[in-house]
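Now for the letters of each chain:
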Amino acid sequence: SSTVDTMNKTISGKIKHLSVFLIKEKTDYSGKLNISPNPITPNSDGVNDYAGFYFDNPSNEEVSVKIYNKEWKYIRTITGTNPRWDGKDDSGDIVESGVYICQLKIGNTTLSGTLILAK
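Residues numbered from 1 in each chain as written. Predicted model: local features only at pLDDT ≥ 70, side-chain atom pairs only at ≥ 80, totals over all residues. Heavy atoms only, no water.

Side note on the confidence of the model for the chain
Put simply, the test is: Per residue, pLDDT measures the predictor's confidence, with a range of 0 to 100. Helix numbers and strand numbers start at the N terminus; a helix is a DSSP run of H or I with at least 4 residues, a strand a run of E with at least 2.
For the chain, the mean per-residue pLDDT works out to 86, and 87% of the residues sit at or above 70. The secondary-structure element of the chain with the lowest mean pLDDT is strand β1 (residues 2–5), recorded at 80, while strand β6 (residues 74–80) shows the highest, at 96.

Section: the sheet that holds β6
Strand pairing in a sheet relies on backbone hydrogen bonds. The paired strands run either parallel or antiparallel. To keep things clear, this is the line we draw: Only when DSSP finds a minimum of two bridges between them are two strands counted as paired. Lines fitted to C-alpha atoms define the axes, with helix axes restricted to the stretch in contact, and inter-axis angles between N-to-C directions lie between 0 and 180 degrees.
Strand order across the open sheet formed by 4 strands is β6-β5-β8-β9, with antiparallel pairing between neighbours. With one partner strand each, in any of the chains shown, β6 and β9 (109–117) form the two edges of the open sheet. For this sheet the average axis-to-axis angle between neighbouring strands, irrespective of direction, equals 20°.

Some remarks on the pattern of salt bridges
The cut-off we apply is this: The salt bridge criterion pairs a side-chain nitrogen of Lys or Arg with a carboxyl oxygen of Asp or Glu, the two atoms within 4 Å. Burial classes: relative accessible area under 20% of the type maximum marks a residue as buried, over 50% as exposed, and values in between as partly exposed (1.4 Å probe, protein chains only).
Tallying each qualifying case throughout the model produces 2 salt bridges. The partner of R76 in a salt bridge is D86, and the shortest N-O contact between them spans 2.6 Å. Taken together, the positions of R76 in strand β6 and D86 in the loop between β7 (84–85) and β8 (98–106) put the pair 10 residues apart, joining distant regions of the chain. Since its relative accessible area comes to 22%, R76 is described here as partly exposed. What makes D86 buried here is its relative accessible area of 16%. Between K119 and E96 there is a salt bridge whose closest N-O contact spans 3.7 Å. One end of the pair, K119, is in the segment after β9; the other, E96, is in the loop between β7 and β8, and 23 residues separate them in sequence. Across the pair, exposure class does not vary: K119 and E96 are exposed alike.

Description of the sheet that holds β7
Strand order across the open sheet formed by 3 strands is β3-β4-β7, with antiparallel pairing between neighbours. Every other strand in the sheet has two partners, leaving β3 (34–36) and β7 as the edge strands with one partner each. The pairing of β3 with strand β4 (residues 51–54) spans 3 bridges and is antiparallel. By the bridge assignment for β4, N34 is matched with Y54.

With respect to unusual backbone geometry
In this structure, P37 follows S36 across a cis peptide bond, with omega equal to -5°. Following the sequence through the fold, P37 ends up in the loop between β3 and β4. Of note, the amide linkage connecting N38 to P39 takes the cis form, showing an omega dihedral of 20°. Along the chain, P39 turns up in the loop between β3 and β4. Although it is not a glycine, W72 adopts a positive phi angle of roughly 65°. Looking at the secondary structure, you find W72 in the loop between β5 (63–69) and β6.

Dropping the structure here:
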């Protein structure tokens, strides 16, 4: 394992032998996008009000999640290292009940999944 210090632009880690090492940015994220809970019920009762997006992100990189309705109409974009959706569109209004398509982009990889929202 290693530690990245972006302020000092260094990477530190313990090694067991002297060798030549390569530092490479991870660009291939394999696996499946898990969305939980699913369905969500964003009614402010504190239960299933948000959906989280779970995937293999060992370096804790910032991601972008685009939400579309089943007709592929754009709803919202969420960014962050641990994004979650509250069922609202870009205007801050809770969207209609239905099936939503979620596309998470990290590096050069896009992971997709579906989510049900019930009012």
